[in-house]
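Descriptive structure summary
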2 protein chains.
Amino acid sequence: MGPQDQAQGGYRGDATLQALLDGHGGGQTVAAVRALLRGIDAASVDRSDDGWLDLIAPGAAPALVSELRALRATVATDRAARAAQPLAALRAELARRGLGGFIVPRADEHQGEYVPACAQRLAWLTGFTGSAGLAIVLTDVSAIWVDGRYTLQVRAEVDLGAFETLHITDNPPGDWLATRVPAGARIGFDPRLHVDDQVLRFRRAIERAGGALIALDDNPLDAVWSDRPPGPLGPVRVHDVAFAGKGAAEKRAEIAGALAREDVGAAVLTAPDSIAWLLNIRGADVPHTPLPLSFGVLHRDETVELFIDARKLMPGVREHLGNAVTVAPPDAFGAALDRLGAAKTKVLVDAGQSSAWVLGRLTAGGAEVVRGADPCALPKACKNPIELDGTRAAHRRDGAALTRFMAWLPRRLAQGELKEIEASDRLEAFRREDARFRDLSFPTISGAGPNGAIVHYRASPTSERPLQPGQLYLVDSGAQYLDGTTDVTRTIAIGQPSAEQRDRFTRVLKGHIALATARFPAGTTGSQLDTLARRPLWDAGLDFDHGTGHGVGSYLSVHEGPQRISKLPNTIALKPGMILSDEPGYYRTGAYGIRIENLVVVTSDATVAAPEREMLGFEILTLAPIDLALVERDLLSAEERAWLNAYHVRVRDVIGPQLDVPARGWLDEATRAI
Amino acid sequence: MGPQDQAQGGYRGDATLQALLDGHGGGQTVAAVRALLRGIDAASVDRSDDGWLDLIAPGAAPALVSELRALRATVATDRAARAAQPLAALRAELARRGLGGFIVPRADEHQGEYVPACAQRLAWLTGFTGSAGLAIVLTDVSAIWVDGRYTLQVRAEVDLGAFETLHITDNPPGDWLATRVPAGARIGFDPRLHVDDQVLRFRRAIERAGGALIALDDNPLDAVWSDRPPGPLGPVRVHDVAFAGKGAAEKRAEIAGALAREDVGAAVLTAPDSIAWLLNIRGADVPHTPLPLSFGVLHRDETVELFIDARKLMPGVREHLGNAVTVAPPDAFGAALDRLGAAKTKVLVDAGQSSAWVLGRLTAGGAEVVRGADPCALPKACKNPIELDGTRAAHRRDGAALTRFMAWLPRRLAQGELKEIEASDRLEAFRREDARFRDLSFPTISGAGPNGAIVHYRASPTSERPLQPGQLYLVDSGAQYLDGTTDVTRTIAIGQPSAEQRDRFTRVLKGHIALATARFPAGTTGSQLDTLARRPLWDAGLDFDHGTGHGVGSYLSVHEGPQRISKLPNTIALKPGMILSDEPGYYRTGAYGIRIENLVVVTSDATVAAPEREMLGFEILTLAPIDLALVERDLLSAEERAWLNAYHVRVRDVIGPQLDVPARGWLDEATRAI
């Protein structure tokens, strides 16, 4: 699709626009267009994406297009003005309702990683913008909980006079509730925003204190959130079967068949990525993940009820969905749950990701709830051959973009100071040149020196550092292409690295290789493989404090379950077609960070002539050089050196032809045999 | 204590014995002595153990001792005559009570590995003698479930016309119940024999079928079990603090302190090994584990209520227990739970090992149940320095016994055919020579050729094979010494091994070494280490189907939690002082089995000069040669060869001086450097 010119000239007024709309036909009003534009603005629509024009007036003439662009430029995007006293406003509302407190999670109704602006309740109330947290407001005291990643950030963003800041595992909310809730107090929560287990823990703690936990039909915070953004209206498009590899009807039939075999009547789908996968559609409601926020019910007769704002549907989507998929507004979801109850249906619910509200409404209505995994999760994780071909192609192009960036770096550094944001902007620009590029797959982590040691670092104009000699530069980035999602980390020596840096990098590399070359019997979980990536660090009394690998979607979430490579228990067996990251690291606080990340896909292993077990292994997807300046050759075994040299030959062969002459020369040197 | 002479001459009659008892004083009657002897007979008292005499008449004169020995010889030990129709008898009893079925587990009230004769309900009903299983009897159909270890054995032992035999995970009881239970049927179970989770699953399945699950106060099987053995009366002795390393009062204070910190009033103890550890006592109620079957309640004021048959207590035990421990009969346990309820006490219960009956009685009585781990489990697992010194000493002597056996083997084989039972009897005899030997720690696995491939093999006169050239001999054995529990497996080549056998053995050895030499940060679990032991097999397309390591007690259970090295998730961090086995294997069905097992203890690791993390490692306890005839030298790395040579130097240095000259010559050769 490529970047588009932006609007020229100003907005000529509602009358002019209405006349142009009337001339176009379709019955649009300026008021409806304004509402739609506010929703689009609240979504995560890439600046290169002109699809919003088709949501309003498909095939509009240039005059109408120009006027619509002009109108869009006038829509206020200012979110800065937070209500002066959200906490006081909320407390007043609680008092009005006779409540002694209220629980505010970071999650929205979908329990996903990214939350749209209209559901950023925790940020509105407290100012905290991290990706995980929880606040509890009582009449006289309030607290906010975060994990170890955010202990510094929360103190910078939150009014410490208003909120006690606590660590989520060291001082869990349950303990706090048990001692702070006055006997007789009624503490409210919004059951749409919590899973059952969490509610149970809150209830137990509050009842221990002699209080009561009350599920609220309407959220008191929403009632006082005066400047709340509208729900996002990111355009929903068909995900072509040429990329999806399997038609939506076939997927519906397969999953419905699985329900029938389990003697289940229907499955409630509350994870938007499951719905996107099942129906072969993609959206733009949240940043970096092409999700259409929506709910669904899949029936064993292969029909689907899709609950989504129909204004988001691009031309052709309804036809693509077909007669077996009925579209209804999100508000109608509750009534659908009631219908399942009235029919005494046996309903599969993933209680780990569907809210207590869903469970409660089904049960109250008379449905028989069967708790189990989201039936789309495992089929979605096991990519089909077309999806795998797509991701291989995407990785070839993405590797070229990253390699061009790596080749550009020393030339740019020779010209003067280079800071983190300019570097990541340049990398993004290389990626954007690809026709199938749609978005980054997450905000790039571009960290020089000590910033590289902050695992979830995000450069800002005040935090960014120049890339200086003797330092390491860590860049973790990825993109959403129509044919695949990428995620790659490289650590690059600026100037001459120290012996310690080389030792640590080489240990991380040994762990990376040990995992990449693992051969394991069918049935093995990611948890079983995690230690392979850590042992070379353990041998030196070192470790890293994050998971070793996460699942990755196909033009979908860059963090996808159910598989995971982690020291935490995960009971999901790795299966052919699953995409995972292999990303051990090492971090020396205040000094430098190291991470080496490739994506890999689980494959059948055929390297042993007559195996007694069905064996699996990994195929490497990511193709970009690993900085040899950081490799301590003698710390590698002969097998590890052979692996590194063979990987670099493959990088050179596949990436080289996509580069210009200077970059190709750089790559030849960067991938020399050691 | 050593072996004792057995009774000479016959029993001279009750009048004579009563006169002798009267002369001795103490008020014993012949009737009470007979009952006691039946209980002792139902316990697991080693034939060398004369302690039973002290239970009846401490310090008895020779005439009384002689008469008591004679009486004991007359007590019937015949258990062969099973009721002709246990199933029919049970069904009649169920009909009489208006029940449509009954569930018969293998577990007793303590949910332990070993079950006394009086609780072998599953064996009485079905004939099945394996260590895990479950039967369900309905009006017209019945079934028995076992796991993969017992699919052959169950078909040999059970009347297949009466019982359908099913695999516990492939065809779980819940599915069977859901389809076989008639609507309206009342299915009974004994809540003392099941944990809560299991009951929940049964209830759900039965209610799905329209039936009802009924907890029964008295067990209908026990009502028709006419020849049921009495409860075991194994003598209970003080476990000297010289071995225990910490006084019972100090342990009570520590655990009660932990309860107080958690604001818990009392903990219910239903695991006899926890009670044995807490009170520094040992018993003889079940084979191979010196457990006193009993229940306990530990209060936060450091007092203990101990529910045990007082006839088991050897002289001095009551004094040892002291005033803080009250002794009451097992029947009084229920009333104690009621008292906790009446006092609204907050009670800690390990719901994974305490029965539904305990939970139900506490809750019904008004107690607040806090579900959590048995508070003795973790402190018991982390051995104190005295216990560690004891186990090191026990392993030095046990290694000498095993080495003498290994040296004896080739000499004995030179004299003619040697079969599995003679071999294991000889090994047991070597161990029995030790003054601190009390029992084997489990029935020895002595498997030649194909029998070695059966992981839970137990030789019988019909199954045993001779140790033949070209075959491997696998011997997995251990003992209970007063100062420690041992468990060791060696695989020995008889004659010349094949190249394949050497390859497989060496891969198992590589895995064994990888685990033994692991260095890992504090917080690491056994599950995280499991893969280290498997990878050399995986590399060749091979694996083994059992756990890699289990916890081991201190003169207590040879299988002890909560830690475990397994591919199954276990969230218990390894801590210094924990004893574990390191026992990877390889099994080729119908041909041979390989396993190499040492016990190790978790220690602080000091091999890295300046570690960033607190690092742990393993100290090896077991000392016995590893058969070099099976080692393929070139498959080992230089580091692995160095490990093997250093281990053998240590074996030679520690074990050599305990051997006679011929055995020492054999050991020198067996531990040569490679």
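Structure's up top.
Cut-off values and rules
- Residues numbered from 1 in each chain as written.
- Chains lettered and ligands numbered in written order.
- Predicted model: local features only at pLDDT ≥ 70, side-chain atom pairs only at ≥ 80, totals over all residues.
- Heavy atoms only, no water.
- Helix = DSSP H or I, 4+ residues; strand = E, 2+ residues; numbered from the N terminus.
- Rg over C-alpha atoms; globule rule 2.2 N^0.38 Å.
- Contact = heavy atoms within 4.5 Å.
- Areas by Shrake-Rupley, 256 points an atom, 1.4 Å probe, with all protein chains shown as cover.
- Lys, Arg positive; Asp, Glu negative; His and termini not counted.
- Charge placed at Lys NZ, Arg CZ, Asp CG, Glu CD.
- Phe/Tyr/Trp six-rings, centres within 6.5 Å; stacked < 30°, edge-to-face > 60°.
- Buried < 20%, exposed > 50% of the residue type's maximum accessible area, 1.4 Å probe, protein only.
- Salt bridge = Lys/Arg side-chain N within 4 Å of Asp/Glu carboxyl O.
- Pairing = 2+ DSSP bridges.
- Core = buried A, V, L, I, M, F, W, Y, C linked by side-chain atoms within 4.5 Å.
- Buried area = accessible area lost by both parts, 1.4 Å probe.
- Axes fitted to C-alpha atoms, helices over the stretch in contact; angles between N-to-C directions.
- Parallel < 35°, antiparallel > 145°, perpendicular 65-115°, else oblique.
- Left-handed = near helix turned anticlockwise from the far one by under 90°.
- Nonpolar A, V, L, I, M, F, W, Y, C, P; charged D, E, K, R; others polar.
- Least-squares fit on C-alpha atoms with pLDDT ≥ 70 in both.

A look at the overall build of chain A
Scanning chain A for helices and strands turns up 23 helices and 28 strands. Relative to a compact globule of 674 residues, whose C-alpha radius of gyration would be 26 Å, chain A shows 26 Å and is just as compact. On the principal axes, the C-alpha backbone points of chain A span a range of 70 × 65 × 55 Å. Considering only residue pairs separated by 6 or more positions, chain A has 70% of its internal contacts joining residues 24 or more positions apart. Entry remark: accessible area of chain A is about 26,100 Å², with carbon and sulfur atoms responsible for 51%. Charge-centre separation for chain A: the mean point of 74 positive side chains lies 1 Å from the mean point of 84 negative side chains.

Let's talk about the packing of aromatic side chains
Residues and elements named next belong to chain A. If you walk through the whole model with that rule in mind, you get 24 aromatic pairs over all chains. The interplanar angle of 10 degrees and the centroid separation of 4.5 Å between the aromatic rings of Phe295 and Phe333 together place this pair among those described as stacked. Of this pair, Phe295 sits in strand S10 (residues 295-299) while Phe333 sits in helix H15 (residues 333-342), and the two are 38 residues apart along the sequence. The burial state of Phe295 is the same as that of Phe333; both residues are buried. Arranged with centres 5.4 Å apart and planes meeting at 50 degrees, the rings of Phe307 and Phe333 form a pair that is tilted. Of the two residues, Phe307 is situated in strand S11 (residues 304-307) and Phe333 in helix H15; the sequence distance between them amounts to 26 residues. Each member of the pair Phe307 and Phe333 is classed as buried.

Observations concerning the pattern of salt bridges
All names here are of chain B. By the definition in use, this model includes 88 salt bridges over all chains. With its nearest N and O atoms 2.9 Å apart, the salt bridge here joins Arg69 to Asp50. A residue pair is termed long-range when its members are at least 10 positions apart, and Arg69 in helix H4 (residues 62-74) and Asp50 in the loop between helix H2 (30-42) and helix H3 (51-56) qualify at 19 residues. Close ionic contact of Glu254 with Lys246 constitutes a salt bridge, the shortest N to O distance being 2.9 Å.

Concerning helix H13 (residues 272-279) of chain B
Most of H13 of chain B sits inside the fold, with eight of its eight residues counted as buried. Trailing H13 of chain B by a residue or two, Asn280 of chain B shows a phi angle of about 55 degrees, which is positive.

Describing the sheet that holds strand S15 (residues 437-440) of chain B
Note on sheets: strands pair through backbone hydrogen bonds, and any given pair is parallel or antiparallel. Residues and elements named next belong to chain B. Pairing is antiparallel in the open sheet, where three strands are placed in the order S15-S18-S19. For this open sheet the edge positions go to S15 and strand S19 (484-485), each flanked by a neighbour on one side alone. Examined bridge by bridge, S15 and strand S18 (residues 479-481) share three bridges and lie antiparallel to one another. If you follow Leu440 over to S18, its bridge partner there is Ala479.

A closer look at the nonpolar core
Soluble, globular proteins show a tendency: their nonpolar side chains are buried together. Core analysis: the biggest nonpolar cluster contains 57 residues, and Ile40, Ile56, Leu68, Leu278 and Leu279 of chain A have the highest contact counts within it. Apart from residues lying up to four places away in sequence, Leu278 of chain A is in contact with Ala248, Lys251, Arg252, Ile255, Leu269, Leu298, Val304 and Cys376 of chain A.

Examining the interface of chain A and chain B
In this assembly, 30 residues from chain A lie in contact with 31 residues from chain B. Carbon and sulfur atoms make up 49% of the area that chain A and chain B hide from each other, which totals about 2,700 Å². Interface area lost by chain A to chain B is led by Gln528, Arg535 and Trp538 of chain A, which between them contribute 24%. Along the contact surface separating chain A from chain B lie two salt bridges.

Some words on the packing of H15 of chain A against helix H16 (residues 356-365) of chain A
Residue and element names in this part refer to chain A. Running from N to C, H15 and H16 cross one another at 40 degrees; their axes reach a closest spacing of 7 Å. The angle between H15 and H16 places the two elements in the oblique class. Judged by the twist between their axes, the crossing of H15 over H16 is right-handed. Only Trp357, Val358, Arg361, Leu362 and Gly365 of H16 make contact with H15, whose side of the interface consists of Phe333, Gly334, Ala335, Leu337, Asp338, Leu340, Gly341 and Ala342. Taken together, the residues that form the contact of H15 with H16 break down as eight nonpolar, three polar and two charged.

A look at the sheet that holds strand S1 (residues 101-105) of chain A
Residue and element names in this part refer to chain A. What the six strands build is an open sheet, ordered S4-S3-S2-S1-S5-S6; its pairing is mixed. Edge positions in the open sheet fall to strand S4 (164-167) and strand S6 (212-215), since each of these has one partner strand only. The mean inter-strand angle of the sheet, taken between neighbouring strand axes irrespective of direction, is 25 degrees. In this structure, strand S2 (residues 134-138) lies alongside strand S3 (residues 142-146), joined through four bridges in antiparallel fashion. Bridge pairing in S3 places Leu134 opposite Trp145. Packing of helix H5 (residues 86-96) onto the sheet brings it into contact with S1, S2 and S3, and relative to S2 it is tilted by some 55 degrees. Here helix H8 (residues 173-180) sits on the sheet in contact with S2, S3 and S4, set at roughly 5 degrees to S2.

Considering unusual backbone geometry
With an omega of 0 degrees, the peptide bond running from Gly561 of chain A to Pro562 of chain A counts as cis. By secondary structure assignment, the location of Pro562 of chain A is in strand S23 (residues 560-565). Backbone geometry places Glu302 of chain A, a non-glycine residue, at a positive phi of 80 degrees. With respect to the helices and strands, Glu302 of chain A occurs in the loop between S10 and S11. With a relative accessible area of 33%, Glu302 of chain A lands in the partly exposed category. With phi around 60 degrees, Asp263 of chain B is a residue other than glycine that occupies positive phi space.

Considerations on the relation of the copies chain A and chain B
Its rotation angle being 180 degrees, the transformation that places chain A on chain B also includes 0.0 Å of axial translation and leaves an RMSD of 0.1 Å. This pairing of chains is accounted for by a two-fold axis. Using C-alpha coordinates, one finds that chain A approaches the rotation axis most closely at Pro569 of chain A, a distance of 2.7 Å. When the interface residues of chain A are mapped onto chain B, 100% of them again lie at the interface, so the same face is used by both copies.

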